Amino acid sequence: MKVATLCVLVAALTRGALGVLSPPERSYKILILLPVSTRSHRIVFMTIAEALADRGHKVVMLINQPKSSTHPNIHEVAHGLPHRQHEKFNMFDMRKSSGGSTNALVRTLPPMARDMYQVPEVKELYERRKEFDVVMVDALFNEAAYPFVHELPFILVSTSGIAKSDVLGNVLNPAYTPSFMFDFPSPMSAWHRFLNTLSSIVMSVYWRHWAIVPLIQKEISAQFPELPPLLDLERNMSLALLNSHFTISKSVPLLPSQVEVGAMHCRPANPLPQELESWITGAGAEGVIYFSLGSVARGNSMPVQYRNLFLQAFRRLPQRVIWKYEGELEDVPDNVMISKWLPQQDILAHDNVKVFITHGGLLSLQESIYHVTPLLALPIFGDQPKNGRFVRDSGLGHFLVWEELTEDLIVNALTDIISDPKYKENVMKMSAGLRDQLISPKELAVFWTEYVIRHRGAPQLRSPAAQLSWVEFLMLDVLLLLHLALLVLYFTLRRVLRAISAKIFGSGGSKKKKD
Ligand SMILES: *[C@@H]1O[C@H](CO)[C@@H](O)[C@H](O)[C@H]1NC(C)=O
């Protein structure tokens, strides 16, 4: 009996160690395109690329960042174009002008579409694209890469959660689905539903039909006159892998072709470098605060008044602070350690790290939940305010606004998060939900990628809704027909009733006819 139990346990453990997927039928060739991306997008993509490469597939990646993988099955092609180098953008400046980030996109994405296919390495890759079994494309800002997917099965990978759902035929109802920017309290009021609906429509029309895609289309058409329109190519996607999970956002209806692989880059902790480990354990029972604004908002772009507020606030706290900061800092208190690069997941996983001060980027949020660390969110732009409100509303910590920041607010928020156990408990509950999955999100991503290849684009996944026009989808023609039918019915009934009443009450009209 005991031996049998042991055997089952060992079998389960070995299966877990080897992964639950059966070995692939052969080594596939996979092309991954993220010619426009940030470092955080790359983290998500490297997770997929390495998981596929570990299965024996050959992965080629078109990237804009320096090469970083040492995996023998991953070959990186850097296009080396200077457009959209994020180091040049100051996120705090962008916060001041809401149009700033869109202007930057209008300035940089069309030139990228113009220049990319002139780079010899990209041209060569484009010419041999038919060798690949599947193409994977970054869902955000990468329409210029769609010529690659023509007549090939392709998968969209959305690092920012649910995106381009309507392209697959799943128009999410704005009565309860938050748009990219807003996250109104639910259930939404009539006014909020109005704003949410309007913003979803305006943003989609602005991007796809007005400001951005038409400009990219012009550059692409000049080089590939025979190619179908970019938005038609996009509609042919087989699958979308979404960096979201219903346990850490809102639960919404998804198609079989929309697979949630949120937090797939999260992994168990590795041991910390000796110096960091002893700094963290040396903080004693008071614990450690970890402070990082992610890879795009660099520390030295932070306006000096905020920098000073933090330094003064940290001076008043009994905790130690680890601050990811690029550049030199003067007057750093003894309890603060500054570093350019830090192993974030391993720090968050440490028991003595009590709170994470974050810009609220999606990957940071996921890592904090996965590794059970409460948060103080200070969103800068994009979807970060939405993530910040999620932190507050789910009781995972606090949410502060840069413009309202004071020393007291920082100290009080941090002290509350550290001293009240409810925050840690809430994160722990959410973390348990996130980790409780049939197979890991990474394996799920691998399974569905191979599935699309095995079934040559897997047309069985497609929703018939994707083929409909707006008139058909909203059933405007059917509604019109229904109205007409009602009108006909109404007039017919009126006639009949009139005729009957004439018969009964004997009005002159019918008699005259008889005569
Ligand atoms: C659409 O995708 C299928 C496979 O997924 C592919 O065979 C076909 O050529 C694609 N069509 C276009 C126009 O790219």
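Computed from a predicted model, the values in this text were never measured in an experiment. (Residues numbered from 1 in each chain as written. Predicted model: local features only at pLDDT ≥ 70, side-chain atom pairs only at ≥ 80, totals over all residues. Heavy atoms only, no water.)

1. Thoughts on the nonpolar core
No. 1: Within the largest apolar cluster, 46 residues are counted, with the highest numbers of intra-cluster contacts made by Val-137 and Phe-148.
No. 2: Ranked by the residues each element gives to this core, the list is headed by helix α4 (residues 98–116), at five residues.
No. 3: Core analysis: the next-biggest nonpolar cluster, separate from the first, contains 35 residues, Leu-21, Tyr-28, Met-264 and Ala-458 among them. (Core = buried A, V, L, I, M, F, W, Y, C linked by side-chain atoms within 4.5 Å. Buried < 20%, exposed > 50% of the residue type's maximum accessible area, 1.4 Å probe, protein only. Helix = DSSP H or I, 4+ residues; strand = E, 2+ residues; numbered from the N terminus.)

2. Considering the side chain of Asp-346
No. 1: Position of Asp-346 among the secondary structure elements: in helix α11 (residues 344–348).
No. 2: Once residues lying within four places of it in the same chain are set aside, the contact partners of Asp-346 are Arg-267, Ala-269, Asn-270 and Leu-272. (Contact = heavy atoms within 4.5 Å.)

3. Remarks on the sheet that holds strand β5 (residues 154–158)
No. 1: Reading across from one edge, β3-β2-β1-β4-β5-β6-β7 is the order of the seven strands in this open sheet, with parallel pairing throughout. The open sheet is flanked by β3 (74–78) and β7 (258–260), the only strands paired with a single partner. Between one strand axis and the next, the sheet turns by 20 degrees as a mean value, whatever way the strands run.
No. 2: Taken together, the four bridges between strand β1 (residues 29–34) and strand β4 (residues 134–138) define a ladder with parallel strand orientation. Its bridge partner lying in β4, Leu-31 is registered against Val-135.
No. 3: Here helix α2 (residues 39–54) sits on the sheet and contacts β1, β2 (58–63), β3, β4, β5 and β6 (239–242); the angle it forms with β2, its principal contact strand, is near 165 degrees. (Pairing = 2+ DSSP bridges. Axes fitted to C-alpha atoms, helices over the stretch in contact; angles between N-to-C directions.)

4. Thoughts on the domain arrangement of the protein
No. 1: By domain assignment, the protein separates into domain 1 (25–170 + 229–264 + 440–460), domain 2 (274–435) and domain 3 (475–505).
No. 2: Distance between the C-alpha centres of domain 1 and domain 2: 30 Å.
No. 3: Facing the 21 residues of domain 1 at the interface are 23 residues of domain 2.
No. 4: Regarding the contact of domain 1 and domain 2, the summed buried area is about 2000 Å², with carbon and sulfur atoms giving 68% of it.
No. 5: Applying the counting criterion to the domain 1 and domain 2 interface returns zero salt bridges.
No. 6: Contributions of two or more residues to the side of domain 1 that touches domain 2 are made by α2 and α3 (91–96). (Domains from an automatic or database assignment. Buried area = accessible area lost by both parts, 1.4 Å probe. Salt bridge = Lys/Arg side-chain N within 4 Å of Asp/Glu carboxyl O.)

5. Regarding the site of the ligand
No. 1: Taken together, His-150, Glu-151, Pro-153, Asn-236, Ser-238, Gly-457 and Arg-462 make up the full set of residues near the ligand.
No. 2: Between the ligand and Glu-151, the relevant distance is 2.7 Å, taken from an oxygen atom to a main-chain nitrogen or oxygen of the residue.
No. 3: A distance of 2.4 Å separates an oxygen atom of the ligand from a polar side-chain atom of Asn-236.
No. 4: When the free accessible area of the ligand is taken as 360 Å², the share hidden by the protein chains comes to 64%.
No. 5: Of the residues belonging to the shell around the ligand, the class tally is one nonpolar, four polar and two charged. (Near = heavy atom within 4 Å. Polar contact = N/O pair within 3.5 Å; in protein donor to acceptor, adjacent residues only side chain to side chain. Areas by Shrake-Rupley, 256 points an atom, 1.4 Å probe, with all protein chains shown as cover. Nonpolar A, V, L, I, M, F, W, Y, C, P; charged D, E, K, R; others polar.)

6. Concerning the packing of helix α6 (residues 190–211) against helix α7 (residues 213–223)
Axis angle and axis distance: for two packed helices, these are the angle between their axes and the distance between the axes, and together they describe the pair.
No. 1: At their nearest, the axes of α6 and α7 sit 5 Å apart, and the two run at 30 degrees to each other. Of the possible angle classes, the one that applies to α6 and α7 is roughly parallel. Along its contact with α6, which presents Trp-207, Arg-208, His-209, Trp-210 and Ala-211, the element α7 presents Val-213, Pro-214 and Leu-215.
No. 2: Partitioned by chemical class, the residues of the contact of α6 with α7 number six nonpolar, one polar and one charged. (Parallel < 35°, antiparallel > 145°, perpendicular 65-115°, else oblique.)

7. Overview of helix α18 (residues 476–505)
No. 1: Look at α18: 43 Å from first C-alpha to last across 30 residues, which is about the 44 Å you get at 1.5 Å a residue.
No. 2: Looking one or two residues past α18, Gly-506 carries a phi angle of roughly 60 degrees, positive in sign. (Expected span 1.5 Å × (residues − 1).)

8. Considering the sheet that holds strand β9 (residues 320–324)
Two pairing modes exist for strands in a sheet, parallel and antiparallel, and in both the strands are linked by backbone hydrogen bonds.
No. 1: Sheet architecture is open: six strands sit in the order β10-β9-β8-β11-β12-β13, paired in parallel fashion. Looking at strand neighbours, the two that pair on one side only are β10 (336–339) and β13 (397–399), the edges of this open sheet. This sheet shows a mean twist of 15 degrees between the axes of neighbouring strands, independent of strand direction.
No. 2: Inspection of the sheet shows strand β12 (residues 375–377) paired to β13 by three bridges, in the parallel sense. Paired with Leu-376 across the bridge in β13 is His-398.
No. 3: Across the face of the sheet, helix α13 (residues 384–393) comes into contact with β12 and β13 while running at roughly 140 degrees to β13.

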